[in-house]
Each structure stands twice: as structure tokens, then as C-alpha cells.
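Here is what each chain is made of, one letter per residue.
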Amino acid sequence: VLESLKGVSRGRLHLAVASTVNYFAPRLLAIFQQRYPGIGLQLDVTNREQLVRMLYDNTVDLVLMGVPPTDMEVESEAFMANPLVVIAPPDHPLVGERAIGLARLAEEVFVMREPGSGTRQTMERFFGERGLAIRHGMQMTRNEAVKQAVRSGLGLSVVSMHTIELELETRRLVTLDVEGFPDQRQWYLVYRRGKRLSPAANAFREFVLTEAAVIAPPIFLGAGAV
Ligand code: PGA
């Protein structure tokens with residue numbers, strides 16, 4: 001016990017998270033760091049494609065992401081709900097409509113993330129599985145840019161609820177009440193299968209699995225909520 005405590009009080013921990021996870025990751029890290037002040041933390045924030053590469057190259061201890069890799073031997077453990085919602089500017093004609101059909105939604109233009117994004121993959125899969133092709137508008141590599149573009153009327157988009165808390169509060173963006181949304185996804189803690197986790201990594205894994213959903217739950221106000 002003493003030995004493992006010593007490990008936890010000292011170790012180093014290299015985490016990598018999806019850009020969308022970064023909206024709540026710092027809150028988790030602040031609490032974790034208070035509890036284990038001796039652990040040196042390094043955090044990388046990037047898109048899904050890069051996270052998969054880091055797992056493949058074994059250059060990271062733990063990854064937090066929305067879409068775990070399927071073509072690699074990994075352990076992935078769901079730790080919190082990740083509802084995906086359709087966002088629009090507050091003055092969009094569809095705001096306030098109930099149960100908007102997907103066919104109607106597909107008439108709109110969508111602001112897209114880059115091809116390596118997990119959010120984009122999920123969005124394309126959602127519509128693809130329902131036989132719908134969405135019209136791609138502008139493409140942006142950052143979630144923040146997507147939100148600004150939607151706000152400016154460049155199109156609609158699909159994003160994780162965790163990324164728009166502030167915009168909903170200040171009503172800079174609204175969610176649309178669309179059939180099939182919120183798309184109920186999960187956030188996952190992922191690491192290479194067979195990897196021996198350090199005491200620091202184990203402590204963080206335990207912390208995320210038991211406490212993340214209490215510390216940073218998604219706040220869903222309801223589609224079109226004012
Ligand atoms: P991303 O993050 O869209 O920035 O890749 C979300 C995810 O990994 O699902």
C-alpha cells in the first residue's frame with residue numbers, strides 16, 4: 001500500500017483529450033490535481049484522428065474521447081453521457097418548431113468539422129444510417145469556429161452538448177427539436193489493451209469513472225429552451 005501511494009504521490013501522467021472533451025477536462029484536472037498535488041500532468045488537446053494515432057504509437061497514458069477506435073486493441077470505458085444536439089442561431093426559422101423531421105433538416109446547409117473529427121464522423125454516420133445526405137457548407141478545424149459560424153448564419157451544425165453550455169446560457173445559440181436528437185452518445189476513457197497503467201494513471205482512471213459524471217454532467221435545457 002505504501003509503495004503504491006508513493007507512486008501516486010509522485011508519478012507523471014500524460015493525458016490526451018478530444019477538443020470537445022476540453023470543455024470539461026480542466027474542471028476534472030483541477031480537482032484531481034488538488035487531490036494528488038505530486039503528480040505531474042501533461043494534457044494534449046486534439047481531434048479524434050490524432051488521438052487514435054497517439055494510442056497507436058503508444059505515446060500517451062490515457063485518452064478521453066467520444067468515438068473510440070474500432071480497428072485497434074483498446075480498452076474503452078464509458079464514463080458520462082454525451083448528448084449531441086443540432087444547433088442554430090436564435091433567429092433561425094426552425095427555432096421553436098416541434099419534432100422537426102430529418103428530411104426537413106436535410107434541406108439545410110451544415111457547417112462541418114474537418115474529416116479527422118469524431119464529431120463529424122458521428123454526424124455523417126447519423127445521417128448516413130438514415131439514408132440522408134447533408135449539404136456541407138463551410139469546413140472548420142475548431143469547434144469554436146463552428147459555433148461562431150452557426151451563430152453568424154452560415155448553417156446549422158451538430159455538436160456535443162458539453163461544448164455549448166455558455167452559448168445556451170447567453171442565448172447566442174439554440175438547440176433545435178429534431179427527430180432522433182439529442183443523439184445519446186457516451187464519453188469514453190481509452191487506453192491500449194495490455195498496457196500496464198502507472199499508479200498515477202490508475203488513480204486518474206478511477207477518478208474519471210466514478211466522479212466525472214457528477215462533476216461535469218451535460219446540462220440539457222431542452223430543445224429551443226429560452
Ligand atoms: P473531435 O472530438 O470532434 O474534436 O474529434 C470528439 C470525439 O472524439 O468524438
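Model, not experiment: these values are computed from the prediction. (Residues numbered from 1 in each chain as written. Predicted model: local features only at pLDDT ≥ 70, side-chain atom pairs only at ≥ 80, totals over all residues. Heavy atoms only, no water.)

Within the protein chain, the regular secondary structure consists of 8 helices and 9 strands. Whereas a compact globule of 226 residues would reach a radius of gyration of roughly 17 Å, the protein chain reaches 19 Å, a difference of no more than 12%. With the C-alpha coordinates of the protein chain rotated into their principal frame, the extents come out at 60 × 35 × 25 Å. Across the 226 residues in the protein chain, those meeting the buried criterion constitute 49%. (Helix = DSSP H or I, 4+ residues; strand = E, 2+ residues; numbered from the N terminus. Rg over C-alpha atoms; globule rule 2.2 N^0.38 Å. Buried < 20%, exposed > 50% of the residue type's maximum accessible area, 1.4 Å probe, protein only.)

Moving on: the pattern of salt bridges. Following the criterion strictly, the structure yields 14 salt bridges and no others. The partner of aspartate 177 in a salt bridge is arginine 98, and the shortest N-O contact between them spans 3.7 Å. Linking aspartate 177 in the loop between strand S8 (174–175) and strand S9 (183–192) with arginine 98 in the loop between strand S4 (74–88) and helix H4 (102–105), this pair joins segments that are 79 residues apart in sequence. By relative accessible area, arginine 98 is classed as exposed at 64%. By sharing partners, the salt bridges in this structure join Glu73, Glu75 and Arg193 into a single network. (Salt bridge = Lys/Arg side-chain N within 4 Å of Asp/Glu carboxyl O.)

Let us look at the packing of aromatic side chains. A complete count under the given rule lists 10 aromatic pairs for this structure. Here the aromatic rings of phenylalanine 127 and phenylalanine 181 are separated by 6.4 Å at their centres, their planes lie at 40 degrees, and the arrangement is tilted. Taken together, the positions of phenylalanine 127 in helix H5 (residues 118–129) and phenylalanine 181 in the loop between S8 and S9 put the pair 54 residues apart, joining distant regions of the chain. With a centroid separation of 6.1 Å and 45 degrees between ring planes, the pair formed by phenylalanine 204 and phenylalanine 207 is classed as tilted. With phenylalanine 204 and phenylalanine 207 both in helix H8 (residues 199–215) and 3 residues apart, this pair spans about one turn of that helix. Overall, the relative accessible area of 1% leaves phenylalanine 204 in the buried class. Judged by relative accessible area, which is 4%, phenylalanine 207 ranks as buried. One aromatic cluster in this structure is built from Phe32, Tyr36, Phe204 and Phe207. (Phe/Tyr/Trp six-rings, centres within 6.5 Å; stacked < 30°, edge-to-face > 60°.)

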